[in-house]
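Read off the chains here:
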Amino acid sequence: MSGAFDSGIFATIAFYVASALTIASAIIVVTQRDLVRAVVALAMSFVGVAAIYFILNAEFIGVVQVLVYVGAISILIAFAVMFIGDLANAGTLSQNRLVSAIAALLLLASVIFVTYNTDWTAIDDVTDPDAVAGLAGQYEVTSSDSDDAVIRAVGAGAEEARGGALVDGSSHIGPFLIRELILPFETLGLLLIAALIGALIVIRGRREDDAA
Amino acid sequence: MTLEIVLVVAGALFSIGLFGVLARRNIIAVIMSLELMFNGVLVAAIGFSRFTVPAALVGASGDITESAVRASLTGHAFAVFVISIAAAETALALALVFAFYRAKQSVEITDASEMKN
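Fair warning: this is a prediction, and the values are worked out from it, not measured in the lab. (Residues numbered from 1 in each chain as written. Chains lettered and ligands numbered in written order. Predicted model: local features only at pLDDT ≥ 70, side-chain atom pairs only at ≥ 80, totals over all residues.)

A.B. asks: Talk me through the overall build of chain B; I want residue IDs and the actual numbers.
C.D. replies: Within chain B one finds four helices and one strand. The N-to-C order of helical and strand elements in chain B reads α-α-β-α-α. Taken over 117 residues, chain B has a buried fraction of 58%. Intrachain contacts of chain B at a sequence separation of at least 6 include 59% that bridge at least 24 residues. (Helix = DSSP H or I, 4+ residues; strand = E, 2+ residues; numbered from the N terminus. Buried ≥ 20, exposed ≤ 12 C-beta atoms within 10 Å, placed from the backbone. Contact = placed C-beta atoms within 7 Å.)

Below, the structure is given as structure tokens:
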């Protein structure tokens, strides 16, 4: 079904390329015996996922993915691999690898089954021109009440949305987080500082016991 | 490109991660597989955000509010929170791995079967 929010053939091809890269790298991560190579494959997989985010109009999340996952978590895991030199049996899979593979394949099969047997509320069901223009970012605010601003399509509106972005997400995610999700957002900061302190205490604790 | 194929990719990523978590013996490799599972969930969240819309916009006839349009970014906000929590969790997990390695001189997950020490 072709609607106002189709991405076009190039985005589709790019999506398949990025997905192939991501899944191939992910398979290397779980099967590679050399942990250093597994970390590199993990970083590749993260880059592929970031590409998928960009193709799905989630530019902000794509940038965050590159910064946090590729830039921080991969490096953190690489440091862990380098610090812990005991890698003799690093690549060994456990005895229950067959059961694990069967469980993973069953999960994948059920995901595919449910996916193709569900009638998802499609974006193409949006028919109101103001709503289409809003999703395309082609709108102006008509009332000044900032909490419940009413929007109107401007310019080409819905027609310009054809093949375009769903929402200019990177300019709306900020107001969305600050206005409507401010409490969980601040709580997230608390969680991060708690995790930081917790990690330091876990690392330090043993050393103090040894000294005592 | 449809929502279905995005969800299949997300499910594949999650399943590969699940296999790694179940079958790997090295704790660091298990953490890497956990990250893959996180990414699978996030791809699904972003896919939903891209291909489905808030109920307020489907068949709407009255005024459309800006907050209703912004609600289509719920999946993005979800991803922001999950990425932050996953980063915190990874840092803490690797700290625990270091502590465990100091105590047992091992990173085998089968050696982590007792709570003492």
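A.B. asks: I'd like a description of the environment of A50 of chain A, backed by residues and values.
C.D. replies: Summarising the element assignment, A50 of chain A is placed in helix α2 (residues 35–55). Once residues lying within four places of it in the same chain are set aside, the contact partners of A50 of chain A are G62, Q65, V66 and V70 of chain A.

A.B. asks: A description of helix α2 (residues 27–51) of chain B should follow, citing residues and the corresponding values.
C.D. replies: With 25 residues, α2 of chain B ought to run about 36 Å at 1.5 Å a step, and its terminal C-alpha atoms sit 36 Å apart, in line with that. The element α2 of chain B is extensively covered by neighbouring structure, given that 22 of its 25 residues are classed as buried. (Expected span 1.5 Å × (residues − 1).)

A.B. asks: Can you break down the interface of chain B and chain A residue by residue, with the values?
C.D. replies: At the junction of the two partners, chain B supplies 75 residues and chain A supplies 87 residues. Going through the elements one at a time, α1 (3–23), α2, β1 (64–65), α3 (66–70) and α4 (74–104) of chain B are the ones with two or more residues in the side of chain B that touches chain A. A per-class count over the side of chain B that touches chain A returns 46 nonpolar, 19 polar and 10 charged. (Nonpolar A, V, L, I, M, F, W, Y, C, P; charged D, E, K, R; others polar.)

A.B. asks: Explain the confidence of the model for chain A to me, using residue names and the numbers behind them.
C.D. replies: Residue and element names in this part refer to chain A. With 69% of its residues at a pLDDT of at least 70, chain A reaches an overall mean of 79. For chain A, per-element mean pLDDT is lowest for helix α6 (residues 158–161), which scores 46, and highest for α2, which scores 94. Low pLDDT (under 50) marks residues 157–165, which in the prediction has 27 contacts with non-local residues, meaning those over four places away or in another chain. (pLDDT = per-residue confidence, 0-100.)

A.B. asks: I'd like a rundown of α1 of chain B, residues and numbers included.
C.D. replies: Helix length check: α1 of chain B, at 21 residues, gives a terminal C-alpha distance of 30 Å against a target of 30 Å (1.5 Å per residue), a fit within 8%. Along α1 of chain B, 17 of the 21 residues are buried, which leaves the element largely enclosed by surrounding structure.

A.B. asks: Please give an account of the packing of α2 of chain B against α4 of chain B that cites residues and values.
C.D. replies: To describe two helices that pack against each other, one gives the angle between their axes and the distance between the axes. Residues and elements named next belong to chain B. Running from N to C, α2 and α4 point in directions that differ by 175°, and their axes come no closer than 9 Å. The angle between the axes of α2 and α4 places the two elements in the roughly antiparallel class. Contact residues: I27, I28, I31, E35, F38, V41, L42, A45, I46, F48 and S49 in α2; T74, G75, H76, F78, A79, V82, A86, T90, A93, L94 and V97 in α4. For the contact of α2 with α4, a count of residues per class yields 16 nonpolar, five polar and one charged. (Axes fitted to C-alpha atoms, helices over the stretch in contact; angles between N-to-C directions. Parallel < 35°, antiparallel > 145°, perpendicular 65-115°, else oblique.)

A.B. asks: Tell me about unusual backbone geometry, and name the residues and values.
C.D. replies: All names here are of chain A. One non-glycine residue, N57, adopts positive backbone phi at about 65°. Its place among the elements puts N57 in the loop between α2 and α3 (59–83). By C-beta crowding, N57 is classed as buried, having 23 other C-beta atoms within 10 Å.

A.B. asks: Which residues make up the nonpolar core, and what are the values?
C.D. replies: Ranked by internal contacts, the top residues of the largest apolar core, which has 78 residues, are L42, I52 and I77 of chain A together with L13, I28, V43 and I46 of chain B. Contributing elements (two or more residues each) for this core: α1 (9–31), α2, α3, α7 (169–180) and α8 (182–211) of chain A together with α1, α2 and α4 of chain B. Not counting the four nearest positions on each side in its chain, L42 of chain A is found in contact with V29, S74 and I77 of chain A together with M32 and E35 of chain B. (Core = buried A, V, L, I, M, F, W, Y, C linked by C-beta atoms within 7 Å.)

A.B. asks: An account of the packing of α1 of chain B against α2 of chain B is needed here, citing residue identities and associated values.
C.D. replies: Residues and elements named next belong to chain B. α2 packs onto α1 with a crossing angle of 165° between their chain directions and a minimal axis gap of 7 Å. On the basis of their axis angle, the class for α1 and α2 is roughly antiparallel. For α1 against α2, the interelement crossing comes out left-handed. Considered class by class, the residues forming the contact of α1 with α2 number 20 nonpolar, seven polar and no charged. (Left-handed = near helix turned anticlockwise from the far one by under 90°.)

A.B. asks: Residue-level account of the environment of A99 of chain B, with values.
C.D. replies: With respect to the element layout, A99 of chain B can be found in helix α4. Here A99 of chain B falls in the partly exposed class, since 19 other C-beta atoms lie within 10 Å of it.

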